[in-house]
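Topology and contacts: notes
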Amino acid sequence: MTENSSKKLQTALFIIVALLAALLAWLIYSRMGAAPKPEPQGPGETPEMPLARAIPRALPAVTPDTNYNFDDGLHNPASAEHPQLDDQGAGIASVEIFVTDINGDGKNDRITRTRNENGTAHFYYEYKIELGIGGEYMDITPPNFRTIEGAECSLQKIRFIFAPSFRAIKISRSWQDSWDTPTMASRVIFNLVGNELRAGQTEPLQEICNVSELF
């Protein structure tokens, strides 16, 4: 190979290497330019969730369950009636009678549960407890033996327990400012003594909105 040919080969190789280097540099620059640049962050922001640019998400609408899936201990009524409400949706909505042996004397006793509507989201269940004695029913219901129900919270609920012996638990709280303002709740347990349903001591529990959560 002549000296002149050698110089031409070296020049060609140099040009090829320079072109490859330029192509590599262009590729690296293009990839870096395509990457998103981080935006300035405000106080308390993180790259994952900038506070000022966070998109608010609408919460799903919640339809309150006015009975809160609460179990008062009464199941399988022996009879049930559903009277017609008035034009405003007020009146007695249902009357259910539960037959059971409350005092263990082998005779049927009964508990009547009546749902009263007033045309709003507020309603109440009223209970009547009767012992079957001498072929007749004797009413032994304590005073104020009913629930207090609101659209958001229950202020008073009652649960019946049948084993190992009959008793009723009432948890209630007072209304203050609004239906969903928590106040101190208390519990009273009623025990059957002879033919009388007697209230025990009142036990303070905690401040709460819906007393159903305390059973």
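Residues numbered from 1 in each chain as written. Predicted model: local features only at pLDDT ≥ 70, side-chain atom pairs only at ≥ 80, totals over all residues. Heavy atoms only, no water.

1. Here we look at the state of the cysteines
Here is the rule we go by: Sulfur atoms of two cysteines make up a disulfide when they are within 2.5 Å. Helix and strand definitions here come from DSSP, where helices need a minimum of 4 consecutive H or I residues and strands a minimum of 2 consecutive E residues; each element is numbered from the N-terminal end. Burial here depends on accessible area, computed with a 1.4 Å probe over protein chains only, as a share of the maximum for the residue type. Under 20% is buried, over 50% is exposed, and the range in between is partly exposed.
Across all of its chains, the model carries one disulfide by this definition. Between the sulfur atoms of Cys153 and its disulfide mate Cys209 the distance is 1.5 Å. Taking the torsion about the sulfur-sulfur bond, which here is approximately 80°, the covalent link between Cys153 and Cys209 counts as right-handed. You can see Cys153 sitting in the loop between β6 (148–149) and β7 (154–161) and its partner Cys209 sitting in the segment after β11 (203–208), a full 56 residues away along the chain. The exposure classification of Cys153 matches that of Cys209, with both residues buried.

2. Details of the environment of Leu214
The residue Leu214 is located in the segment after β11 in this model. For the pair Leu214 and Arg187, spaced 27 residues apart in the sequence, the C-alpha separation amounts to 9.2 Å.

3. Observations concerning unusual backbone geometry
With omega at 0°, the peptide bond leading from Ala163 into Pro164 counts as cis. A positive phi angle is found at Asn76, which is not glycine, with a value near 55°. Within the secondary structure, Asn76 is located in the loop between α1 (3–34) and β1 (79–81). Since its relative accessible area comes to 71%, Asn76 is described here as exposed. Phi is positive for Asp177, which is not a glycine, with a value near 70°. With respect to the secondary-structure elements, Asp177 resides in the loop between β8 (167–173) and β9 (183–193). We classify Asp177 as exposed; its relative accessible area is 62%.

4. A few points about the packing of aromatic side chains
Basically, it comes down to this: Planes of paired rings set the category: under 30 degrees apart is stacked, over 60 is edge-to-face and the rest tilted, where pairs are Phe, Tyr or Trp rings (Trp by its six-membered ring) whose centres lie within 6.5 Å. For a ring to carry a charge above it, either NZ of a lysine or CZ of an arginine must fall within 6 Å of the ring centroid while also lying within 35 degrees of the normal to the ring plane.
The tally for this structure, following the rule as stated, stands at seven aromatic pairs. Ring centres 5.7 Å apart and planes at 85° place the aromatic pair Phe123 and Tyr125 in the edge-to-face group. Like Phe123, the residue Tyr125 is buried in the burial classification. One aromatic cluster in this structure is built from Tyr127, Phe145, Phe160, Phe162, Phe166 and Phe190. Sitting over the ring of Tyr125, Arg113 keeps its end group 5.7 Å from the ring centre.

5. Quick word on the confidence of the model for the protein chain
Inclusion rule: Here pLDDT means the predictor's own confidence in every residue, given as a number from 0 to 100. Contacts are residue-level and defined by heavy atoms, with any inter-residue pair within 4.5 Å sufficient.
With 73% of its residues at a pLDDT of 70 or more, the protein chain has an overall mean of 82. Note on residues 34–67: pLDDT under 50 across the span, and 21 contacts to partners over four residues away in sequence or across chains.

6. Points about the pattern of salt bridges
Once the charged atoms of two side chains with opposite charge are near each other, the side chains can pair. Our working definition: When a carboxyl oxygen of Asp or Glu is within 4 Å of a side-chain nitrogen of Lys or Arg, the pair counts as a salt bridge.
Scanning the entire structure with this criterion turns up eight salt bridges. Here Arg115 makes a salt bridge to Glu117, at a shortest N to O gap of 2.6 Å. Using a relative accessible area of 18% as the deciding quantity, one classes Arg115 as buried. Overall, Glu117 belongs to the buried group, its relative accessible area being 17%. Of the charged contacts, one joins Glu196 and Arg198 as a salt bridge, the two residues approaching to 3.2 Å between their closest N and O atoms. In this structure Glu196 comes out as partly exposed when scored by relative accessible area, which is 41%. One network of salt bridges, in which partners are shared, links Asp72, Glu96 and Arg113.

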